[in-house]
Amino acid sequence: MKNALLIVLVVIFAFLAGLAGNMPLETSSTASPKGNYTGGILEKNAGSYSKISNYSMDVEFDPQTKYITVNENILWRNLTAYSTNEIQFHFYPNAYKSNKTIFAGSYHLTPESMTSVEVKSITADGKPAQLIYFQPEVKNPHDSTVAKIILARQVLSSDSVKINIQYKMRIPRSVKRMGYATGRNFFFVSQWFPKVAVFEEGKWVCSQYHPYLNFYSDFGDYDVNISVPASYTVGATGYAGARQVKEGKNLFHFYQKGVHDFVWFATDDILNRQKLYTRNDGTQIIINAFVQPEREKYFDRYFKAIENSLRFFENKIGVYPYKSITVVDAPRTCAAGGMEYPTLITVGAELFAPVETHQPEGVTVHEFSHQFFYGLLANNEVYEAWLDEGFTTYITEKILSESYGREILSFKLAGFIPIYGMNLHSYSEIPVVYTLSNLYSSEGANSLQSYYKNLNIGAIADTSYKLPTRLSYVVNAYHKPALVLLTLERYLGYDTMMKVLKEYFNEFEFRHPKRADFYNVVRKVTGRNMDWFFSNFIENSCNFDYKLTSITRTGKDEYSVLAERDGDGIFKNDIALYTNKDTLYQKWDTSEKWKIFKFKTGNEVIGAEIDPYRKNLLDLNFANNSFAVKTRYGASVSMAMRWFFWMQNALMTLGGIG
């Protein structure tokens, strides 16, 4: 009874702490990094891709009415070989306009969570323009998340056009990413401004706001002024200039070159600290952390996770080129979630989170890794989401393993108190059958758990927004690609895989790579024909199940091993024959449904195994990969003893209830 009362008190305390909002704002001096920067980006990395669009915006924010008033100036440059007489825009806030939009089909909106862009005026080269809403992908007359203007002239190659948009928008209650937190004066403002789409190969690529998916836009330079009440602070994309006090308000100035989005938040209750990270060449990065007062203890862990990520990428893949990275610990009642934006990420943490569970380290490392796979390698997330989510999921596990060791499995008591062990069965969130031993997660285990739930709906290469269910999207964007990249790594070797990623980054930084570009890098680095791999693992949805079914002695010192391929997927496998003195190997790199492998040995044969190093993580049944000549009972007895222990544990727990 005492334990139950303690748990109830802890839950109440956590709830009240999540709603508290009266602690004073902590301020710290702005760090000054060393380095050769221009507009917040290393000069050697700026390139032409930061010159496509210039955004200059003046924002006035009133937290009482929750309205922002914006004057937005855009200079768009046509850096392609094609001309255009129109400019297309994303109007993402219009996804919250009603419950009839594509986005709202998956997120029910209340009146408090609805909003839209209220355009006062729009001009092109100083002349009034008409905004035309249309639906390029999914026909829905209620969806106005994409719009265009028709110009009075052609914008030729190397030409430019100036656009001015004046509008206002009410910040809604947070439902997904954008919005204000319930019970807090915390406003997170993302995907909030009319943003020019991508003009490539003579066509505009401008996707609607699809639920669950992220975005695609071009690189540009941002210069943004945000005015807020004197009690408020602001964090945003880019490097913060000196704060000014003007007419009793705080005026914040942010600028950043070479990014494809801009996000900001405003609040009167948050803690802010900074730390400098020094690159190998002596230049420095400001790690800027904003943390909720009740989670102050996580400052050092957030800093450490970012430092570990910066170091891994710099040593293995590429250099983070910007002057700063901002970490925003969002309130529990804010749906900002763990999310990536250029130079800014949102994270969160439970009140109880041992570092061995890899949280909040996991979400911090994951969202930072998006600075590369999405931020700098800016693929089309609406069409090929796996090029950012899959790569990020893969690399996150590498960084966590290298920096923190293997994750200890845990389950949550009362929804948030972590307990080491494995929850085998629960009732109303109360563990009924569980283990309390320290069990470590194997590489790829979390992704495998998700992959097994959706084996055949969709392929990784399928257009992301066309996948029929959220589960099929999550599996084909996050978890299956992570397993495929792990499989590729095990096939090529870790060092070669890192060379592939490094070359991929160096070639496509500040560009928009597609999967064919990644394929070409793999071919270039390895010097191999890897088309079979791309076809089986990415282009098509194949099932893999290799097995061994017999070992036959066919003569003196000669043995035959029968291997079969049950699935339609093809992999280049190793076949191992184990003897009492050594192990013999052969390759199965052809596409037969079955094959007999001949081995010669004078030693006692113990058994055989296909894919002994578990290279192919998509094999559906590792249990049939091996075949023993003689039955050995040791492993079975060991497993049975563990099972009896678990059952005894469960019965003792049940006996203590009541």
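Residues numbered from 1 in each chain as written. Predicted model: local features only at pLDDT ≥ 70, side-chain atom pairs only at ≥ 80, totals over all residues. Heavy atoms only, no water.

(A) Quick look at the packing of helix α9 (residues 515-526) against helix α10 (residues 531-539). Put simply, α9 and α10 touch, their axes get as near as 11 Å, and they point 145 degrees apart. Every pair of crossing elements has a handedness; the one defined by α9 and α10 is right-handed. Between α9, through Arg 515, Tyr 519, Val 522 and Arg 523, and α10, the contact on the second element is made entirely by Asp 531, Phe 534, Ile 538 and Glu 539. Considering only residue class, the contact of α9 with α10 consists of 4 nonpolar, no polar and 4 charged. (Axes fitted to C-alpha atoms, helices over the stretch in contact; angles between N-to-C directions. Helix = DSSP H or I, 4+ residues; strand = E, 2+ residues; numbered from the N terminus. Left-handed = near helix turned anticlockwise from the far one by under 90°. Contact = heavy atoms within 4.5 Å. Nonpolar A, V, L, I, M, F, W, Y, C, P; charged D, E, K, R; others polar.)

(B) The arrangement of the pairing of strand β20 (residues 249-259) in detail. Two strands pair when backbone bridges link them, and strand β16 (residues 220-229) and β20 are joined in this way by 9 bridges, in the antiparallel orientation. Bridge assignment links Ile 226 to a residue of β20, and that residue is Phe 252. Two elements, strand β18 (residues 239-240) and β20, share 2 bridges in a ladder whose sense is antiparallel. Bridge pairing links Ala 240 to Phe 254 in β20. Bridge analysis of strand β19 (residues 244-246) against β20 gives 3 bridges, and the strand direction is antiparallel. Across the sheet, Lys 246 pairs through a bridge with Lys 249, a residue of β20. With antiparallel pairing between neighbouring strands as the criterion, β19 and β20 make up a hairpin whose turn holds 2 residues, including Glu 247 at a positive phi of roughly 55 degrees. (Pairing = 2+ DSSP bridges.)

(C) Representation of the pairing of strand β3 (residues 53-62) within the structure. Along β3, the buried face is formed by Ser 53, Tyr 55, Met 57, Val 59 and Phe 61; none of Asn 54, Ser 56, Asp 58, Glu 60 and Asp 62, which line the opposite face, is buried. Examined bridge by bridge, β3 and β16 share 8 bridges and lie parallel to one another. Bridged to Ser 53 within β16 is Gly 220. In terms of strand pairing, β3 meets strand β4 (residues 67-77) through 10 bridges, oriented antiparallel. When the sheet's bridge partners are listed, Glu 60 is paired in β4 with Thr 69. Joining the antiparallel neighbours β3 and β4 is a turn of 4 residues, in which Lys 66 adopts a positive phi near 70 degrees. (Buried < 20%, exposed > 50% of the residue type's maximum accessible area, 1.4 Å probe, protein only.)

(D) Layout of helix α3 (residues 361-369). α3 sits mainly inside the fold: 9 of its 9 residues count as buried. Within α3, the full set of buried residues consists of Glu 361, Gly 362, Val 363, Thr 364, Val 365, His 366, Glu 367, Phe 368 and Ser 369.

(E) Molecular detail of the sheet that holds strand β31 (residues 546-555). Strand order in the open sheet formed by 3 strands is β31-β32-β35, and the pairing between neighbours is antiparallel. Strands at the two margins of the open sheet, each flanked by one partner only, are β31 and β35 (594-600). Ignoring which end each strand starts from, the neighbouring axes of this sheet average 20 degrees apart. Judged from the 8 bridges that link them, β31 and strand β32 (residues 558-565) form a sheet pairing that is antiparallel. Bridging from a neighbouring strand, Thr 552 pairs with Ser 560 of β32.

(F) Fine view of the pattern of salt bridges. Across all of its chains, the model carries 21 salt bridges by this definition. For Glu 296, the salt bridge identified is with Arg 273, shortest N-O distance 2.4 Å. With Glu 296 in the loop between β23 (284-291) and α2 (299-316) and Arg 273 in strand β22 (residues 271-278), the pair connects residues that are 23 residues apart, well separated along the chain. Look at Glu 296 and you get partly exposed, because its relative accessible area is 34%. On the accessibility criterion, Arg 273 (26% relative accessible area) is partly exposed. (Salt bridge = Lys/Arg side-chain N within 4 Å of Asp/Glu carboxyl O.)

(G) Local environment of empty space enclosed by the protein. With the rule as written, the count across this model stands at 3 cavities of 30 Å³ or more. As for the largest cavity, its lining consists of Gln 191, Lys 195, Phe 215, Tyr 216, Ser 217, His 260, Asp 261, Tyr 374, Ala 378, Asn 379 and Glu 381. Each residue belonging to the lining of the largest cavity can be placed in one class, and the counts come to 4 nonpolar, 4 polar and 3 charged. Its volume calculated, the second largest cavity comes out at about 40 Å³. Residue lining of the second largest cavity: Tyr 277, Arg 279, Ile 285, Leu 310, Phe 313, Glu 314, Gly 318, Val 319, Tyr 320 and Phe 372, and that is the complete set. Tallying contributions element by element places α2 first for the lining of the second largest cavity, with 3 residues. Across the lining of the second largest cavity, the residue classes break down as 7 nonpolar, 1 polar and 2 charged. (1 Å grid on protein atoms, 1.4 Å probe; cavity = no way out; pocket = protein on both sides within 12 Å on 5 of 7 lines; lining within 4 Å. Points joined across faces, edges and corners; volume = space filled by probe spheres on them.)

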